[in-house]
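Listed below are the residues making up each chain.
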Amino acid sequence: MTAPETQAANAAFKPRIFSGIQPSGGLTLGNYLGALKRFVEKQDEGIETVYCLVDLHAITVWQDPDKLRHATREAAAGFLAAGIDPARSILFNQSQVSAHAELGWIFNCIARLGWMNRMTQFKDKAGKNAEAASLGLYAYPSLMAADILLYHATMVPVGEDQKQHVELTRDIAAKFNHDYGVEFFPMPEPVIEGAATRVMSLRDGTKKMSKSDPSDASRINLTDDADAIAQKIRKARTDPEPLPETVAGLADRPEAKNLVNIYAALAGTSPDAVVAEFAGQGFGAFKPALADLAVSVLTPISTEMTRLMADPAEIDRVLGGGADRAAAIAAPILDRTLEIMGMIRSRGA
Ligand code: AMP
Ligand code: TRP
């Protein structure tokens, strides 16, 4: 489907943003730049925004219950500290709105095995021993499609790694509409913008920065203090060359390119502007500047997260209120989906 066709298909739907983050560990700088920071920008543009801590996705690999509870509250604190305002955005955890699991099941019956077999994240996460992966990990993208389509969302801000899942969501929406002869689901578009749509590991510029990397030095956590941030940047892998005059000169230098992109995203400028400023300088000069910038942006967020985490009941209250508002949007959409499919809806009649 071309861009104008997508726009035409979505014209009947109100613009609405949906996105999610797994509470399966602490948030990283990758989550902040690739997702959270942009979630806040979208909220501030005045579009209706629905943000979800996808705990049902997290359990596709084993989660210790106490850690899951803590990680969910900490991620919620990260959203709030980064600037999500629960009065303007809906912020909730997925499992409090059971319609996600229900529509997820329905989409398991719409999605084809051939489509699921192409999902690269499953292959990465399942690794060599795919036989031992959970059935949920395999079905994960179909639950993600349910998350998005349950709200008739038209835009999905994500990092680069999630593009394939949003495309699958469109395939599921199109097949449902086609099979039932309706125009019920929109064609959500991935919104992948900014200088840091794929923040790489600080130890290996060819690997994504991830909360699940065994090396803590590979990532900056939103809970890291100023010393930890500065030290991780100082020790980040680089090469001996000075920074080039243009971004084209970073082509075969993944680690250098990553640090330039991080700088640009944190400063709200472009990678071109960053290399223009630092051209000819080595990492001895660039890294301290990057560390100062990262500390100045991230320290207020981590301080606020610590403050919020001191009152978990208040965080739970925010998530509960968000879940009530989310459920009010989701319930009629799920009901109509079931009705379209021929399921009797007669409770309370
Ligand atoms: P996850 O932590 O896998 O649940 O990802 C939550 C959101 O953060 C998704 O939109 C991801 O695309 C984004 N994200 C995660 N890691 C990175 C990264 N290293 N660079 C950019 N975006 C990321
Ligand atoms: N799969 C996403 C990730 O791992 C998280 C996610 C779940 C999501 N449901 C979503 C993202 C819906 C956007 C929209 O990053």
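Residues numbered from 1 in each chain as written. Chains lettered and ligands numbered in written order. Predicted model: local features only at pLDDT ≥ 70, side-chain atom pairs only at ≥ 80, totals over all residues. Heavy atoms only, no water.

**A look at the overall build of the protein chain**
Here's step 1: Assigned secondary structure in the protein chain consists of 14 helices and 5 strands.
Here's step 2: The C-alpha radius of gyration computed for the protein chain amounts to 21 Å, which stays within 12% of the reference 20 Å derived for 349 residues, consistent with globular compactness.
Here's step 3: Taken along its principal axes, the extent of the C-alpha atoms in the protein chain is 70 × 45 × 45 Å.
Here's step 4: Per-residue burial over the protein chain gives 50% buried out of 349 residues.
Here's step 5: Contacts in the protein chain between residues at least 24 apart in sequence constitute 77% of all its contacts with a sequence separation of at least 6.
Here's step 6: Working note: accessible area of the protein chain is about 16,000 Å², and carbon and sulfur atoms make up 53% of it.
Here's step 7: A distance of 3 Å separates the average location of the 36 positive side-chain charges in the protein chain from that of its 43 negative side-chain charges. (Helix = DSSP H or I, 4+ residues; strand = E, 2+ residues; numbered from the N terminus. Rg over C-alpha atoms; globule rule 2.2 N^0.38 Å. Buried < 20%, exposed > 50% of the residue type's maximum accessible area, 1.4 Å probe, protein only. Contact = heavy atoms within 4.5 Å. Areas by Shrake-Rupley, 256 points an atom, 1.4 Å probe, with all protein chains shown as cover. Lys, Arg positive; Asp, Glu negative; His and termini not counted. Charge placed at Lys NZ, Arg CZ, Asp CG, Glu CD.)

**Details of the site of ligand 2**
Here's step 1: Ligand 2 sits among 13 residues. The nearest are Q22, Y140, M144, D147 and Q162.
Here's step 2: At a separation of 3.0 Å, a nitrogen atom of ligand 2 approaches a polar side-chain atom of Q162.
Here's step 3: Protein coverage of the free-state accessible area of ligand 2, which is 360 Å², stands at 91%.
Here's step 4: Cavity membership is defined here by more than half of the atoms lying within 2 Å of grid points; on that basis ligand 2 lies in the largest pocket.
Here's step 5: With 4 residues, helix α8 (residues 135–149) is the single largest residue contributor to the shell around ligand 2.
Here's step 6: Broken down by class, the residue content of the shell around ligand 2 amounts to 7 nonpolar, 5 polar and 1 charged. (Near = heavy atom within 4 Å. Polar contact = N/O pair within 3.5 Å; in protein donor to acceptor, adjacent residues only side chain to side chain. 1 Å grid on protein atoms, 1.4 Å probe; cavity = no way out; pocket = protein on both sides within 12 Å on 5 of 7 lines; lining within 4 Å. Sits in = over half its atoms within 2 Å of the grid points. Nonpolar A, V, L, I, M, F, W, Y, C, P; charged D, E, K, R; others polar.)

**What about the site of ligand 1?**
Here's step 1: Near ligand 1 lie 18 residues; those nearest to it are Q22, G159, D161, V199 and K211.
Here's step 2: Between G30 and ligand 1, the recorded distance is 3.3 Å, taken from a backbone N or O atom to a nitrogen atom.
Here's step 3: More than half of the atoms of ligand 1 fall within 2 Å of the grid points belonging to the largest pocket.
Here's step 4: Residue contributions to the shell around ligand 1 peak at 4 residues, all from helix α2 (residues 29–44).
Here's step 5: Looking at the shell around ligand 1 residue by residue, the class counts come to 6 nonpolar, 8 polar and 4 charged.

**Notes on the domain arrangement of the protein chain**
Here's step 1: Examined at the domain level, the protein chain breaks down into domain 1 (3–197 + 311–341) and domain 2 (216–307).
Here's step 2: Using only C-alpha atoms to locate each centre, domain 1 and domain 2 end up separated by 29 Å.
Here's step 3: Every contact between the two is made by 15 residues of domain 1 and, on the other side, 18 residues of domain 2.
Here's step 4: Of the roughly 1,300 Å² buried between domain 1 and domain 2, counting both surfaces, carbon and sulfur atoms make up 77%.
Here's step 5: Counting the contacts that link domain 1 with domain 2 gives 0 salt bridges.
Here's step 6: In this structure, the connection of domain 1 to domain 2 is made through 3 residue pairs in polar contact (both at pLDDT 80 or more).
Here's step 7: Looking at the side of domain 1 that touches domain 2, the elements with two or more residues in it are α2 and α4 (65–82). (Domains from an automatic or database assignment. Buried area = accessible area lost by both parts, 1.4 Å probe. Salt bridge = Lys/Arg side-chain N within 4 Å of Asp/Glu carboxyl O.)

**Here's the deal with empty space enclosed by the protein**
To find leftover empty space, a probe the size of one water molecule is rolled over the atoms.
Here's step 1: Taken as a whole and judged by the stated rule, the model has 2 cavities of 30 Å³ or more.
Here's step 2: Of the volumes computed, that of the largest cavity is approximately 50 Å³.
Here's step 3: Around the largest cavity sit M119, Q121, F122, K125, L137, Y140, P141 and H165, which together line it.
Here's step 4: Where the lining of the largest cavity is concerned, the elements lending two or more residues are α7 (120–126) and α8.
Here's step 5: When its residues are assigned to classes, the lining of the largest cavity shows 5 nonpolar, 2 polar and 1 charged.
Here's step 6: Space inside the second largest cavity adds up to approximately 40 Å³.
Here's step 7: Along the walls of the second largest cavity sit L29, L202, I220, I233, L259, I262, L266, L290 and A294, which together make up its complete lining.
Here's step 8: Elements supplying a minimum of two residues to the lining of the second largest cavity: α11 (254–267) and α13 (283–309).
Here's step 9: It is α11 that provides the largest number of residues to the lining of the second largest cavity, a total of 3 residues.
Here's step 10: Residue composition of the lining of the second largest cavity, grouped by class: 9 nonpolar, no polar and no charged. (Points joined across faces, edges and corners; volume = space filled by probe spheres on them.)

**A few points about the nonpolar core**
Here's step 1: Ranked by internal contacts, the top residues of the largest apolar core, which has 56 residues, are L29, Y32, L33, L36, F79, I262 and F286.
Here's step 2: Not counting chain neighbours up to four residues away, the residues in contact with I262 comprise L29, L33, V199, L202 and L290.
Here's step 3: Membership of the second largest hydrophobic core comes to 47 residues, among which are W115, M116, M187 and I340. (Core = buried A, V, L, I, M, F, W, Y, C linked by side-chain atoms within 4.5 Å.)

**What about the packing of aromatic side chains?**
Here's step 1: Inspection of the entire model under this criterion finds 14 aromatic pairs.
Here's step 2: Taking 5.4 Å as the distance between ring centres and 35° as the angle between the ring planes, the aromatic pair formed by Y263 and F286 counts as tilted. Of this pair, Y263 sits in helix α11 while F286 sits in helix α13, placing them 23 residues apart in sequence.
Here's step 3: Here Y263 falls in the buried class, since its relative accessible area comes to 11%.
Here's step 4: The exposure class of F286 is buried, given its relative accessible area of 0%. (Phe/Tyr/Trp six-rings, centres within 6.5 Å; stacked < 30°, edge-to-face > 60°.)

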